[in-house]
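Listed here are the chains, written in short residue letters.
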Amino acid sequence: MNKIEKLDDLVNAQKIAVHDGPFHADDVLCVALLRTIGFKGGVVRTRDPEILKGLIGIDVAGSATGGQFDHHGEDAVKGICALTKLWAFIKPQRGDQAAADRFEKIVGGAFRAVADIDSGNVSNPAERPNMFSWVSLLNDGTDVEFFAAVRMARDILIWAW
């Protein structure tokens, strides 16, 4: 299990993993959020259990990475997505509470919409429109489009932060 306790361990990780193939707003936003708070490490898009073993996994094969920032399989909780779990870990550890509160006010509703859509609480994403709904328009499943989506989301999150 690759469970981490301190935000610095996450921010300073050499590499994290997200699932490959078609991406979703929660995995795009998780990487964008980490980049916003200073994560400079690499990002691997894979479902290969051998590659995942030593990595911090975000929205990918919870059993292989410990499931700390996952919501699949045994770690599934209704209404929770990887983004919800990651933000719940980050928010209390950030030093600037005023910035975190402002950030929550600006993007909190969108984060909840992403969680509702990704966890299946909403069957039609149009029922919960949010500022990150454009992710599906970019989604061809490639790394190029995934990282383009991350850059776009990061710009929004940096402004909000």
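Residue numbers restart at each chain and count upward from 1, following the sequence in its written direction. The model is predicted, so local features are restricted to residues of pLDDT at least 70 and side-chain atom pairs to those at 80 or more, both for listing and for counting; the totals for chains, interfaces and linings are taken over all residues. As a rule here, side-chain values come from all non-hydrogen atoms in the structure, and water together with hydrogens is ignored.

**Quick notes on the state of the cysteines**
Heads up, the condition is: A pair of sulfur atoms, both from cysteines and within 2.5 Å, is called a disulfide here. Summary of the burial criterion: residues with accessible area below 20% of their type's maximum are buried, those above 50% are exposed, and those between are partly exposed, where the area comes from a 1.4 Å probe applied to protein chains only.
For the structure shown, the criterion picks out zero disulfides. Cysteine cysteine 81 is unpaired, with the sulfur of cysteine 30 as its nearest cysteine sulfur at 6.6 Å. For cysteine 81, a relative accessible area of 0% gives the class buried.

**Focus: the confidence of the model for the chain**
Note the cut-off: Confidence of the predictor at the level of single residues is captured by pLDDT, which takes values from 0 to 100. In DSSP terms, a helix is any run of H or I states spanning at least four residues, a strand is any run of E spanning at least two, and both are numbered starting from the N terminus.
Averaged over every residue, the pLDDT of the chain is 83; the share at 70 or more is 90%. Ranking the elements of the chain by mean pLDDT puts helix 4 (residues 62–65) last with 60 and strand 2 (residues 42–45) first with 95.

**Points about the side chain of asparagine 130**
Heads up, the rule is: Between N or O atoms, a polar contact is any pair within 3.5 Å; within protein, one atom must be a potential hydrogen donor and the other a potential acceptor, and residues adjacent in sequence are included only when both atoms are from side chains. Working rule for contacts: check all heavy atoms of both residues, and any pair within 4.5 Å makes them a contact.
Along the polypeptide, asparagine 130 turns up in the loop between helix 6 (97–118) and helix 7 (135–138). Of the polar contacts made by the side chain of asparagine 130, one reaches the backbone nitrogen of phenylalanine 132; its length is 2.6 Å. Excluding residues that lie within four positions of it along the chain, asparagine 130 makes contacts with Ala110, Ala113, Val114 and Ile117.

**Observations regarding the packing of helix 2 (residues 25–36) against helix 6**
The description of two packed helices rests on the angle between their axes and on the distance between the axes. Stated precisely, the cut-off is as follows: An axis is simply a line fitted to the C-alpha atoms; with a helix, the fit covers only the stretch in contact. Between two such axes, the angle follows the N-to-C directions and lies from 0 to 180 degrees. Residues were grouped as follows: Ala, Val, Leu, Ile, Met, Phe, Trp, Tyr, Cys and Pro as nonpolar; Asp, Glu, Lys and Arg as charged; and all remaining residues, including Gly, as polar.
Where helix 2 meets helix 6, the axes come as close as 9 Å, and the angle between the chain directions of the two elements is 145 degrees. In contact with Ala25, Asp26, Leu29 and Leu33 of helix 2, helix 6 contributes Phe103, Val114 and Asp118. Taken together, the residues that form the contact of helix 2 with helix 6 break down as five nonpolar, no polar and two charged.

**Remarks on the packing of helix 2 against helix 8 (residues 143–160)**
Applied cut-off: Angle categories: roughly parallel below 35 degrees, roughly antiparallel above 145, roughly perpendicular from 65 to 115, and oblique for all the rest. By convention the crossing between two helices is left-handed if the near helix lies anticlockwise of the far one by an angle smaller than a right angle, and right-handed if it lies clockwise.
Where helix 2 meets helix 8, the axes come as close as 8 Å, and the angle between the chain directions of the two elements is 55 degrees. It follows from the interaxial angle that helix 2 and helix 8 lie oblique. Between helix 2 and helix 8 lies a crossing of right-handed hand. Residue-level contacts link Asp27, Val28, Leu29, Val31, Ala32, Leu33, Arg35 and Thr36 of helix 2 to Phe146, Ala149, Val150, Ala153, Arg154, Leu157 and Ile158 of helix 8. For the contact of helix 2 with helix 8, the per-class residue count stands at eleven nonpolar, one polar and three charged.

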